[in-house]
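Spelled out, the chains give:
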Amino acid sequence: MTVRTRFAPSPTGYLHLGGLRTALYTYLYARKSGGNFILRIEDTDQEREIPGAVDKIYESMKQAGLSYDEGPDVGGDYGPYIQSQRKSMYLPYAKQLVETGHAYYCFCTKEKLDADREKAEKEGRAYKYEKDCMHLSKEEIEEKLAAGIPYVIRQNIPTEGKAGFDDVLYGRVEVDCSTLDDNVLIKADGLPTYNFANVIDDHTMGITHVMRGTEYLSSAPKYNLLYEAFGWQPPMYVHLPPVMREDYRRDKMTKEIIPDENGNPELIVRKLSKRYGDPSFEDLLDAGYLKDAVINFIALLGWSPRGEREFFSLKELEEIFDLEGISKAPSLFDMKKLAWFNAEYVKKLSPEEYMPIAEKWLRKAIDTEKFDVKRICELLQPRTEVFSQLPEMVDFLAEMPEFESDLYTHKKMKTNPEVALDALVKIKPVLEAIEDWSEAALHDAVMNAVAEFGMKNGQMLWPLRIAISGKANTPGGAFEIAYLLGKDETLKRLNSSIERLKA
RNA sequence: GACCUCUUGGUCAAGUGGUUAAGACAUCGCCCUUUCACGGCGGUAACACGGGUUCGAAUCCCGUAGAGGUCGCCA
């Protein structure tokens, strides 16, 4: 049997990282099994649909490198791949269930249902639809239908017995039917709900493995009842735990931190969500994360290859991915580890690959025409964690920042403003005398002078770097910075720093 | 509240009855060094709790606690 998996997002926004991981695992499993990976758009809720979201999904899938064999924009033998375009397919199946007693027409108004729900809540019990309309006679139903009264079709869940399903990860999951509600299958607008569409589509598209979030774990028994009612073979289910994030408890609307009873911020774990500002896949790419690093990191968040190796390309993942390595517990998204992964991937880039990416970011801070960008990139590459940090790492090259003279104080280097002034005054003529302004020449001239003066390296080099950069940390030491700035600018900065120390 | 699920260091995680309970990130310390970083070396740190079963339990069973999910004409 050929494995067929599907990623079925609804077009309600961007591809969040949890969604990306689901898509990735679904893709990897299909590839590993030599099967097909299908993209299906679940847009049965026209009210929530966001214009352009479908294109964003295509774009993100493309950027992530998750190519699908069938989908709305690539075609396939099981189309259409957009649920709203399959609208006419669902009602006949629903009617079939009505015929066999597994579903029924319901004419209850939204107002009635809301009132019932409210009442249930007041009484502190779980709301459940009480099958009011199931007892309508065939004549009554015909009459109402003929009169054009809006209706929905509900699943008729048995009042007793158990319902369950088998999950690859969780094993057999079973619940009492009495705890299940008669879900709406076909909405008043004629479109199916997710509860119905996923079953019909997965079956008619020949999906063999359904991978989705654990939020569907509690409704899966109902779906299995549907498969049974149709006499269909249910797919293999693989429910994936969510990706979480640690954060302070915040107000849903204002995003402000809600303190606990003692007035302290309360640390909680919640699902990754755009609403609270968590980054989407695209956000990460825009912020200067490498696609491969993100994929690698996400793959390992909730799945383990059970070895010590942790760097994998998408191709390699396609070969070694397996369902057994997926963990059942939710995992926390750790920005620091992602940053580390990214730094490692950046280091592996060839200089030719690194430079164009870096240059784009450098331009935000400096005029790249005026500097030896190649040299800057050499210095920057081993220090790049995320590309978006680059501008602030080089901004001092464009303009000398204001700084406090206590920057000259460094315990280990045995320097302070007085030592610095002395060193700077002494080194000034040495620098002025250098004709060939290269790092090597700078190095030789200064080091010779230091030896001559009988100083420690740090007592000269630390102040010099501070005097011309104005920053405690720079990508490179005094010689590299001086070289990058050029002789004129270096001496100009040196002079002004000396004057400031004298004042 | 009801139902479902989960629980190894701060985080990601290996581990499937007998291990000194891996590894990675983070953190701390040391070395390298003209800063930071890179690199190297080392340290701190975990089986949620309580009962069983067993010669022996992180691993099996039962409770408890905590966490997550669901309870929509949303997916």
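Residues numbered from 1 in each chain as written. Chains lettered and ligands numbered in written order. Predicted model: local features only at pLDDT ≥ 70, side-chain atom pairs only at ≥ 80, totals over all residues. Heavy atoms only, no water.

### As for the protein's contact with RNA strand B
Around RNA strand B, 60 residues are found, and the nearest of them are Thr44, Lys187, Gly302, Arg383 and Gly476. The side chain of Tyr216 places a nitrogen or oxygen atom 3.1 Å from a base nitrogen of RNA strand B. Backbone polar atom of Thr474 to a base nitrogen of RNA strand B: 2.9 Å apart, as the coordinates give it. When contributions to the surface near RNA strand B are tallied by element, the ones reaching two or more residues are helix H4 (110-122), strand S6 (171-176), strand S12 (331-332), helix H11 (335-348), helix H17 (457-469) and helix H18 (478-485). (Near = heavy atom within 4 Å. Polar contact = N/O pair within 3.5 Å; in protein donor to acceptor, adjacent residues only side chain to side chain. Helix = DSSP H or I, 4+ residues; strand = E, 2+ residues; numbered from the N terminus.)

### Notes on the sheet that holds strand S10 (residues 243-248)
Note: strands within a sheet are paired through backbone hydrogen bonds, in either parallel or antiparallel orientation. A sheet is described by the order of its strands in space; here three strands give the open sequence S11-S10-S12, paired in mixed fashion. Each end of this open sheet is capped by a strand with a single partner; those strands are strand S11 (267-271) and S12. Bridge analysis of S10 against S12 gives two bridges, and the strand direction is parallel. In the strand pairing of S12, Val243 is matched with Ser331. (Pairing = 2+ DSSP bridges.)

### Some points on the packing of aromatic side chains
Counted under the stated rule, the structure contains 20 aromatic pairs. Ring centres of Tyr227 and Trp232 lie 6.4 Å apart, and the angle between their planes is 70°; on these two criteria the pair is classed as edge-to-face. Per residue, the accessibility class of Tyr227 equals that of Trp232, and both read buried. With a centroid separation of 5.7 Å and 65° between ring planes, the pair formed by Phe403 and Tyr408 is classed as edge-to-face. Neither Phe403 nor Tyr408 differs from the other in exposure class; each is buried. Three or more aromatic residues joined by ring pairs form one cluster here, namely Phe297, Phe311, Phe333, Trp340, Phe341 and Tyr345. The ring of Tyr129 has Arg154 sitting right over it, with the charged end atom 3.8 Å from the ring centre. The ring centre of Trp462 lies 4.9 Å from the NZ or CZ of Arg465, which sits over that ring. (Phe/Tyr/Trp six-rings, centres within 6.5 Å; stacked < 30°, edge-to-face > 60°. Buried < 20%, exposed > 50% of the residue type's maximum accessible area, 1.4 Å probe, protein only. Lys NZ or Arg CZ within 6 Å of the ring centre and 35° of its normal.)

### Focus on the nonpolar core
Membership of the largest hydrophobic core comes to 104 residues, with the highest contact counts inside it found for Leu66 and Leu431. The biggest single contributor to this core is helix H1 (residues 17-32), with nine residues. Ignoring any residue separated from it by four or fewer positions in sequence, one finds Leu431 in contact with Trp437, Leu442, Val446, Leu464, Lys487, Leu491 and Leu494. Counting residues in hydrophobic clusters, the runner-up holds 30 residues, among them Tyr90, Tyr105, Leu226 and Tyr237. (Core = buried A, V, L, I, M, F, W, Y, C linked by side-chain atoms within 4.5 Å. Contact = heavy atoms within 4.5 Å.)

### Focus on the confidence of the model for chain A
Predicted coordinates in areas of low pLDDT are best not read in detail. Of the residues in chain A, 100% have a pLDDT of 70 or more, and the chain-wide mean is 94. Our summary of model confidence lists the complex with pTM equal to 0.94 and ipTM equal to 0.95. (pLDDT = per-residue confidence, 0-100.)

### Here's the deal with unusual backbone geometry
Between Gly79 and the following residue, Pro80, the backbone shows a cis peptide bond with an omega angle of -5°. Looking at where Pro80 falls in the secondary structure, it is placed in the loop between helix H2 (53-64) and helix H3 (87-99). Of note in this structure, Arg306 is not a glycine but carries a positive phi near 55°. Within the fold, Arg306 resides in the loop between helix H9 (291-299) and helix H10 (314-320).

### Thoughts on the packing of H3 against helix H6 (residues 194-204)
Packing of H3 against H6 leaves a shortest axis separation of 11 Å and a crossing angle of 105°. What the angle tells us is that H3 and H6 run roughly perpendicular. Seen from H3, the contacting residues are Met89, Tyr90, Tyr93, Ala94 and Leu97; seen from H6, they are Phe196, Ala197, Ile200, Asp201 and Thr204. Each residue belonging to the contact of H3 with H6 can be placed in one class, and the counts come to eight nonpolar, one polar and one charged. (Axes fitted to C-alpha atoms, helices over the stretch in contact; angles between N-to-C directions. Parallel < 35°, antiparallel > 145°, perpendicular 65-115°, else oblique. Nonpolar A, V, L, I, M, F, W, Y, C, P; charged D, E, K, R; others polar.)

### Looking at the domain arrangement of chain A
Its domain assignment divides chain A into domain 1 (85-240), domain 2 (245-345), domain 3 (349-398) and domain 4 (405-502). On a C-alpha basis, the centroid separation for the pair domain 1 and domain 2 is 34 Å. At the junction of the two partners, domain 1 supplies seven residues and domain 2 supplies four residues. Taking both sides of the interface into account, the surface hidden between domain 1 and domain 2 amounts to around 540 Å²; carbon and sulfur atoms contribute 73%. In this structure, the connection of domain 1 to domain 2 is made through one salt bridge. For the salt bridge of Lys271 with Glu215, the shortest nitrogen-to-oxygen distance reads 3.9 Å. The interface formed by domain 1 and domain 2 includes one residue pair in polar contact (both at pLDDT 80 or more). Tallied by class, the residues present in the side of domain 1 that touches domain 2 amount to six nonpolar, no polar and one charged. (Domains from an automatic or database assignment. Buried area = accessible area lost by both parts, 1.4 Å probe. Salt bridge = Lys/Arg side-chain N within 4 Å of Asp/Glu carboxyl O.)

### Let's talk about H1
Relative to the 22 Å expected for 16 residues at 1.5 Å per residue, H1 spans 22 Å between its end C-alpha atoms, a close match to the ideal helical length. In terms of burial, H1 is largely enclosed, as 14 of its 16 residues are buried. (Expected span 1.5 Å × (residues − 1).)

### Considerations on the pattern of salt bridges
What the rule picks out here adds up to 36 salt bridges. Members of the salt-bridge network, linked through shared partners, are Arg6, Arg40, Glu42, Arg86, Asp201 and Asp202.

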